[in-house]
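Observations on the three-dimensional arrangement
Single-letter residue listing:
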Amino acid sequence: MAHTKSKANDGKIIYPPGVKEISDKISKEEMVRRLKMVVKTFMDMDQDSEDEKELYLNLALHLASDFFLKHPDKDVRLLVACCLADIFRIYAPEAPYTSPDKLKDIFMFITRQLKGLEDTKSAQFNRYFYLLENIAWVKSYNICFELEDSNDIFTQLYRTLFQVINNGHNQKVHMHMVDLMSSIVCEGDAVSQELLDTVLVNLVPAHKNLNKQAYDLAKALLKRTAQAVEPYITNFFNQVLMLGKTSISDLSEHVFDLILELYNIDSHLLLSVLPQLEFKLKSNDNEERLAVVKLLAKMFGAKDSELASQNKPLWQCYLGRFNDIHVPIRLECVKFASHCLMNHPDLAKDLTEFLKVRSHDPEEAIRHDVIVSIVTAAKKDLSLVNDHLLNFVRERTLDKRWRVRREAMMGLAQIYKKYCLQAEAGKEASKQISWIKDKLLHIYYQNSIDDKLLVERIFAQYMVPHNLETSERMKCLYYLYATLDTNAVKALNEMWKCQNMLRHHVRDLLDLHKQQKSDPTDKAIFSKVMIIAKNLPDPGKAQDFMKKFDQFLEEDERIRSQLDVLVSPNCSCKLAEGCVREITRKLSNPKQPTNPFLEMVKFLLERIAPVHIDTESISALIRQINKSIDGTADDEEEGVQTDEAIRAGLELLKVLSFTHSISFHSAETFESLLQCLKMDDEKVAEAGLQIFRNTGQKIEDDFPHIRSALLPVLQQKAKKGTARQAKHAIHCIHAIFSSKETQFAQIFEPLHKSLDPSNPEQLITPLISIGHIATLAPEQFSAPLKSLVAGFVVKDLLMSDRFPGKKTTKLWVPDDEVGPETLTKIQAMKMMVRWLMGMRTNANKSGTSTLRLLTAILHSDGDLTEQGKISKPDMSRLRLAAGCAVLKLAQEPCYYEIITLEQFQLCALVMNDECYQVRQIFAQKLNKGLAKLRLPLEYMAIFSLCAKDPAKERRAHARQCLVKNINIRREYLKQHAAVSEKLLSLLPEYVVPYIIHLLAHDPDYVKVQDIEQLKDIKECLWFMLEILMSKNENSSHAFIRKMVENIKQTRDVQGPEDPKMNEKLYTVCDVAMNIIITKSTTYSLESPKDPVLPAKYFTHPDKNFNNSKSYLPSEMKVFFTPGKPKATNVLGAVNKPLSSAGKQAQTKTSRMETMSNASSNSNPSSPGRSKVRLDSTEIDHGENEDIKVMKSPPLQAKKMEKREDSDHLRSEIEKPRGRKKGSSAISLDQEDRSSVELLDQVKPVKTSQRGRKRAAHTSESDEQQWPEEKRSKEDLLENEDEQNSPPKKTRRGRPPKATNEELSKGETQGKGGKRGKKRPVSADEEDGDGDNENKEQKQKKTRQPRATKKSQQRIETPESDVNDTLSPESTPQKRRGRPPKTPPTPQTQPKKNFRGARSRQAASRENDSSDMDLRHDSSLENMDITPEVSMDGVNAEEDNQLSTLRVRRKPNKRERR
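Residues numbered from 1 in each chain as written. Predicted model: local features only at pLDDT ≥ 70, side-chain atom pairs only at ≥ 80, totals over all residues. Heavy atoms only, no water.

**Points about the overall build of the protein chain**
Worth spelling out the cut-off: Numbering of helices and strands starts at the N terminus; helices are DSSP runs of H or I of at least 4 residues and strands are runs of E of at least 2. Buried, partly exposed and exposed residues are distinguished by accessible area as a fraction of the type maximum, computed with a 1.4 Å probe on protein chains only: under 20%, between the cut-offs, and over 50%, respectively. What sets the accessible areas is the Shrake-Rupley method with a 1.4 Å probe; for residues, cover comes only from the shown protein chains.
When its secondary structure is counted, the protein chain shows 66 helices and zero strands. Going through the 1457 residues of the protein chain one by one, you find that 59% of them count as buried. When the accessible surface of the protein chain is split by element, carbon and sulfur atoms take 49% of a total near 59,800 Å².

**Notes on a negative patch on the surface**
As a reminder, the rule being used: What goes into a patch is any residue over 30% in relative accessible area without a salt bridge, connected to like charges within 9 Å or, for nonpolar side chains (Val, Leu, Ile, Met, Phe, Trp, Tyr), within 5 Å. Salt-bridge detection follows one rule: a side-chain nitrogen of Lys or Arg within 4 Å of a carboxyl oxygen of Asp or Glu. For the charge count, each Lys or Arg is scored as positive and each Asp or Glu as negative, with His and the chain ends excluded. Where a charge lies is defined by one atom per residue type: Lys uses NZ, Arg uses CZ, Asp uses CG and Glu uses CD.
On the surface, D46, D48, D51, E52 and E54 cluster together into a negatively charged patch. The residue D46 is located in the loop between helix 2 (28-44) and helix 3 (50-55) in this model. A relative accessible area of 37% places D46 in the partly exposed class.

**Overview of the packing of helix 45 (residues 820-839) against helix 47 (residues 872-890)**
Which entries qualify depends on this criterion: Axis geometry follows a simple rule: fit a line to the C-alpha atoms, using only the stretch in contact for helices, then measure angles between N-to-C directions, giving values from 0 to 180 degrees. Orientation categories follow fixed angle ranges, with anything under 35 degrees roughly parallel, anything over 145 roughly antiparallel, 65 to 115 roughly perpendicular, and all other angles oblique. A contact between two residues is defined here by any heavy atoms of the two lying within 4.5 Å. For this classification, the nonpolar set comprises Ala, Val, Leu, Ile, Met, Phe, Trp, Tyr, Cys and Pro, the charged set comprises Asp, Glu, Lys and Arg, and every other residue, Gly included, is treated as polar.
At a closest axis distance of 10 Å, the pairing of helix 45 and helix 47 adopts a crossing angle of 5°. Between helix 45 and helix 47, the interaxial angle falls into the category roughly parallel. For the pair helix 45 and helix 47, contact is made by T822, K825, I826, M829, V833, L836 and M837 and by D874, R877, L878, A881, A882, A885, K888 and L889, respectively. In the contact of helix 45 with helix 47, the residues fall into ten nonpolar, one polar and four charged.

**Quick look at the environment of L492**
Here L492 is to be found in helix 29 (residues 486-514). L492 gets classed as buried once you look at its relative accessible area, which sits at 0%. With 50 residues separating them in the primary sequence, L492 and H442 have C-alpha atoms 8.7 Å apart. Among residues more than four places away in sequence, those in contact with L492 are L441, F459, Y481 and L484.

**Considerations on the environment of T809**
The topology assignment puts T809 in the loop between helix 44 (782-798) and helix 45. The buried category is assigned to T809, whose relative accessible area is 4%. As for T809 and P873, which are separated by 64 residues in sequence, their C-alpha atoms are 8.4 Å apart.

**Considerations on the packing of aromatic side chains**
Selection rule: Under the pairing criterion, centres of Phe, Tyr and Trp rings, with the six-membered ring standing for Trp, must be within 6.5 Å; the plane angle then separates stacked pairs below 30 degrees from edge-to-face pairs above 60, leaving the rest tilted. Two thresholds decide whether a charge sits over a ring: the Lys NZ or Arg CZ must be within 6 Å of the ring centre and within 35 degrees of the ring normal.
Tallied over the entire structure, the rule returns 25 aromatic pairs. Summarising the aromatic geometry, the rings of F236 and F237 are spaced 5.0 Å apart at their centres and angled 50° between planes, so their arrangement reads as tilted. Judged by centre distance (6.2 Å) and plane angle (85°), the ring pair of Y318 and F322 falls under edge-to-face. Taking relative accessible area as the criterion, Y318 reaches 0% and is therefore assigned buried. Ring-pair connections join several aromatic residues into one group, and the members of that group are F300, W315, Y318, F322, F336 and F354. Stacked on the ring of Y444, the Lys or Arg K452 has its end atom at 4.8 Å from the ring centre. Positioned above the aromatic ring of Y896 is the side chain of K1096, whose terminal nitrogen or guanidinium carbon lies 4.8 Å from the ring centre.

**Thoughts on a nonpolar patch on the surface**
Side chains of M242, L243 and F279 sit close together on the surface and give an oily, nonpolar patch of about 310 Å² of accessible area. With respect to the helices and strands, the residue F279 is situated in helix 16 (residues 274-280).

**So, a positive patch on the surface**
On the surface, a cluster of positive charge is made up of K830, K888, K925 and R934. Along the chain, K888 turns up in helix 47. Residue classification places K888 among the partly exposed positions, given a relative accessible area of 39%.

**Quick look at the nonpolar core**
What counts is decided by this rule: Throughout, nonpolar core names a set of buried Ala, Val, Leu, Ile, Met, Phe, Trp, Tyr and Cys residues whose side chains join them through atoms within 4.5 Å.
Ranked by internal contacts, the top residues of the largest apolar core, which has 361 residues, are L84, Y141, F237, I259, Y318, F692 and L1021. The greatest single-element share of this core, amounting to twelve residues, is contributed by helix 6 (residues 74-90). Grouped together as the second largest cluster of nonpolar side chains are 32 residues, V529, A533, A576 and V601 included.

**Considerations on helix 41 (residues 723-736)**
The line we're drawing: What a helix should span is 1.5 Å times the count of its residues minus one.
Taking 1.5 Å as the rise per residue, helix 41 with 14 residues should run 20 Å; its terminal C-alpha atoms sit 20 Å apart, in good agreement. Among all positions in helix 41, only Q725, A726, H728, A729, I730, H731, C732, I733 and I736 are buried. At its buried positions, helix 41 is contacted by helix 38 (682-695), helix 39 (699-702), helix 40 (704-720), helix 42 (740-753) and helix 43 (764-776).

**As for the packing of helix 40 against helix 42**
So the rule is basically this: The hand of a helix crossing depends on one turn: near helix anticlockwise from the far one by less than a right angle means left-handed, and clockwise means right-handed.
Put simply, helix 40 and helix 42 touch, their axes get as near as 10 Å, and they point 25° apart. Regarding the angle of helix 40 to helix 42, the classification is roughly parallel. As helix 40 packs across helix 42, the resulting crossing turns out to be right-handed. Across the interface between the two elements, R707, L711, Q715, A718 and K719 of helix 40 pack against Q743, Q746, I747, P750 and L751 of helix 42. Residues belonging to the contact of helix 40 with helix 42 are distributed by class as follows: five nonpolar, three polar and two charged.

**A few points about the confidence of the model for the protein chain**
Rules: Known as pLDDT, the predictor's confidence for each residue is given on a scale from 0 to 100.
With 75% of its residues at a pLDDT of at least 70, the protein chain reaches an overall mean of 75. For the protein chain, helix 59 (residues 1235-1242) is the element with the lowest average pLDDT, namely 34, and helix 50 (residues 916-931) is the one with the highest, namely 95. In this model, residues 1-9 is a region of pLDDT below 50 whose contacts with residues beyond four sequence positions or in other chains number nine contacts. Note on residues 1127-1457: pLDDT under 50 across the span, and 879 contacts to partners over four residues away in sequence or across chains.

**Section: unusual backbone geometry**
A negative phi angle characterises most non-glycine residues, just as the trans form characterises most peptide bonds. Positive phi values are uncommon outside glycine, yet R840 reaches one of about 55°. When you line up the elements, R840 lands in the loop between helix 45 and helix 46 (846-859). Overall, R840 belongs to the exposed group, its relative accessible area being 54%. A positive phi angle, near 65°, is found at D861, a position not held by glycine. The buried category is assigned to D861, whose relative accessible area is 1%.

**Describing the pattern of salt bridges**
Going through the model one piece at a time under the given rule, you end up with 47 salt bridges. A salt bridge links K586 to D556; the shortest N-O distance between them is 3.5 Å. Here K586, found in helix 33 (residues 573-587), pairs with D556, found in the loop between helix 31 (539-555) and helix 32 (557-567); they are 30 residues apart in sequence, far enough to count as distant. Residues R558 and E582 are paired through a salt bridge, measuring 3.6 Å at the closest nitrogen-oxygen approach.

**Details of the state of the cysteines**
One covalent bond between the sulfur atoms of two cysteine residues makes up a disulfide. Filter applied, for reference: Cysteine sulfur atoms that pair up within 2.5 Å are treated as a disulfide.
Following the criterion strictly, the structure yields zero disulfides and no others. Sulfur of C571: no disulfide; nearest cysteine sulfur belongs to C579 and is 5.2 Å away.

Written as structure tokens, this is what we have:
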């Protein structure tokens, strides 16, 4: 040992035993062999071997020489590296190398050798692993902390390890690398930016995707060293984010990606960084804000993230970006919402308000993604979304953009199928979204064919999946139908009706192809192809595709035969699927993956294929109904009462009997229906009768046993059943039995003999049965029917009042409160009309007599005998029945010709009846007749009188009906080009002469030059012309102008020699001409054709008569302002369902009485003036409530003398204050509405006392019936008052029967019951100077001419006027239309009546931001209740509020002339 030490001290290199000198003089192989022995020696040594350490010190120094460090052979370098690693282990903590440069070379050398770890299949991999393990365990690199270039060494080491790591390495390699690198970070004094970049670069997505193992290594390293490295990470982000020093690192551009990764690794790494993001969210740079938003979306939305709860300020700041001005940022926020809702349900409340705003975003893509986010979360778990979020999706089903609507509809459909049909979340979830089915079907009301087709597809795939087994499918349909609301049921019925109609069109097309080819056939085929194309998406392209498809039908017999089977009534559901597959296979082209033509054909086949209903389906549906009848069905579990389910099932069968009547032809079906007829439920029996009526044509031949059992039931129903049962029973007999004359006789004779006028309750069913028999077999019973009508119906029923009605001030009561005698009279009128409709001839003058009787009922306000026994509600019913009867007769040409102009005008006045329900139902009947093209065109003119209706929804409904009827006629003319000879009765523009004539004979139009009355005329004209002039098709403006000019060259047929009557006619023409001139820029063009005027209304134009005179007073011309009429949207003027028949849409102080039309903004001019009218949302609908109105106290007599002066003052006050645009659409964000207008919209409207009908009034004794003496006394008082005061305006067209003196006395008497006196109301106070007006409003009023004190006294209304207006007891109510019994004298001239005309605030508003202007042209007949809709785009709730804010300014009271 002493010898060895001396050798070492001499500097001689001592090798381990058996190892010879290692130098460049030996071969590579020998060198490797010797180095292995050295490695073995060092491997076996430990740190305690002091002697050996000393002995091999020179060898250790020798191995670190450049000869070995730069040796070209990798095996040599590896063995040397292993030796050096062991040397550092053995000599630790002090290395045998003292030179900093040498140490750097050694560690850089070892680092280079670590690259060998990359190849895990190498023979030397174990030695490389040993090297890694050794230096990691010993922490050899920690020696470099003292070196100046330590950062280079560490950086190179990190880069090497991140480069070599791969998926071939096991967990040990990964662990040693982490140990090695973490020791450098944790035990070092600092972490340089370069070293930090070496780690962080592996977190960048691009690198992460290239080397997942390097990412995992960096992730493990950062987790291990989080506390040590956090200050350096914070400093890096501070430099980049806050100071903008992007040059300090190449990773600056990836800063947000790094933040996300670091947050996912360990949120503590970013404790000081996250507050900086709040600052960045408010950056002015759009792209920077977008990057931060994307980052935070991922951080907040991560599944286990608690960032929102830990950093609430940042969360609130992030939510603010939902309202960012930059579209991509808002879009990113919305996309994030679905992840947040799914992963963090607790944040749904915070998100709801912001998603609500974004669901009305101007950008289509954002609204679309709001839907996607909510639906995605709901499909994962319904509990993740609240009702508010689902309502956002609901609103977007009415979006302006098809893409958004489609996404919302499909999303709701998928949610419905998952949670309602499949019940994946239980009954509670199903109940929560039960509204979806109704909402989806409501969309069928939209005009867009795309919407309709999508609803049909949703119904077939999601609501009642067509691929279900038949019994399951019918059960699903049965309970769906039973739980739908009324409008959804109507929509579903309409859907089946439209599909059936299209099926008939296709069947007609196939029949045409079977005919011999000819020019008429080709034209018919072309016309049919065009009709079919209109029922497909994008009708323009669909026409070309349908022509191509028609070519296939002509050339390909196979396609034609398959289509023939598909549209045949006997086609089953399974057979239909096969036909559809075969046709699409024949038309498909493999070389053309996207084939628009094939897609169009698929749309057509989807609509016409019977995928739900066939004979087997009807039988299954019948069985399901029988289960409910037997009590074995699951009605309660499905949430339906058994009675409701049975009734709904029969209603469903009734609807299907119209569209799929052949499918009912089975003994099982008819036997089940026969049992339904014997049930106690009236509705069930009624539906069963209708089904037999629709499907029983072959019962007599194919099912004789059903016939035998059915006949006695039908006879019993016709004699003793309810009204509707009797009607359907008669029609069933007519449809089913060949020997119907015998059956009718067996019913008619007993009923005829049993008629007893003293028992009205028992007369209703016999009258109905006899009436329908008279329609179906008029000649069989002509003699007895004529005597029956003349002797019994007219004399004993209509001309007799046996039972006094209950006196009440109500104008309408529910059906069950109507007296039996009144119901009998109504049925008597209907029976007369049915009798006439059956005869269809006026040879015996029966039609003329009936029309005289009906108009007499209208003349007398419904009280034909004028004995005063009939109550007001019953009189309303009788007026309505008479008016509807006239409409019914007018649909038959032979009776239309004998209706006189006076009778037509009196019938038209029903549209302005004082009772809301009378106006409503009459308008529905009128619309129904016009829509079917049965009523002549002149009856469309009646709708113009709706401009005076005080109820907003009634005006809106009339406008809807007008648009629909005008479109129907225009469409009919396009499809039937050969009907030019019928142009006078079809072309909508030809309604103008009828309107002019009707308005010239308006009972309210008394003084030819009266400005206020002319404003009423202008309102009514504009109500129609605004729609007619919305499009200038074929120079229609010039055509209308020419018509008006021609009318001025004629005379009125009703009084050709009456100068006043003709002056009225010409004045109305001038009003119309001024509207046309101010609203059209093309009126002066040449008319395409010379209009033909109806000879029934106007004399032949006199060529020698040139009427160029202007009849309008000069003051009137200022009310015509120029402006082009906007395109009319049907329901833009309303945003709530129209009132149902039982609703009363007036205030308690007004029925048909309306306010001044003088300041309407619904007309062509409306210069900045607001019409006083009641908003429908403020209207009291309690029709059954008695009406109470306080009377004003007596006024001084001298005020009566000052009326004339006050007139001048009022005319000054009512002068126009500025012009208001006369558009038909007002934007939501319109800014030119003054605050005074907005305030007037909100404040309560005081009752106008000018021109209003007397409202019904109850005093303390009103609960009792009115005694006859009181009524007659009031008549006398009324006459007395009229003689002592200037002429007053009567209620519309119905002059008072009594005198003015009687009125005066009646008012004096009526004032006695007042509790206290009320001070006189001045005009200024009437204008609303109350507490709820702001300063700005008062400032606006200062623009008016200031009235002197004396004038203000004059303007106060005399007591007689106040009481005339408000007291219903002072005189019996007289309605519109009754002509005076004596010519009016100057003292008894009828006073004017102001009727609330339609507001200029028009039928559509469109917000510039988004959303759908709902075009709601319901194709359902008798559809008066509009399904709920969102009328304008951006905010449905705002729209609901704005639509009720109508500009109302109280007009100054004016004396009635």
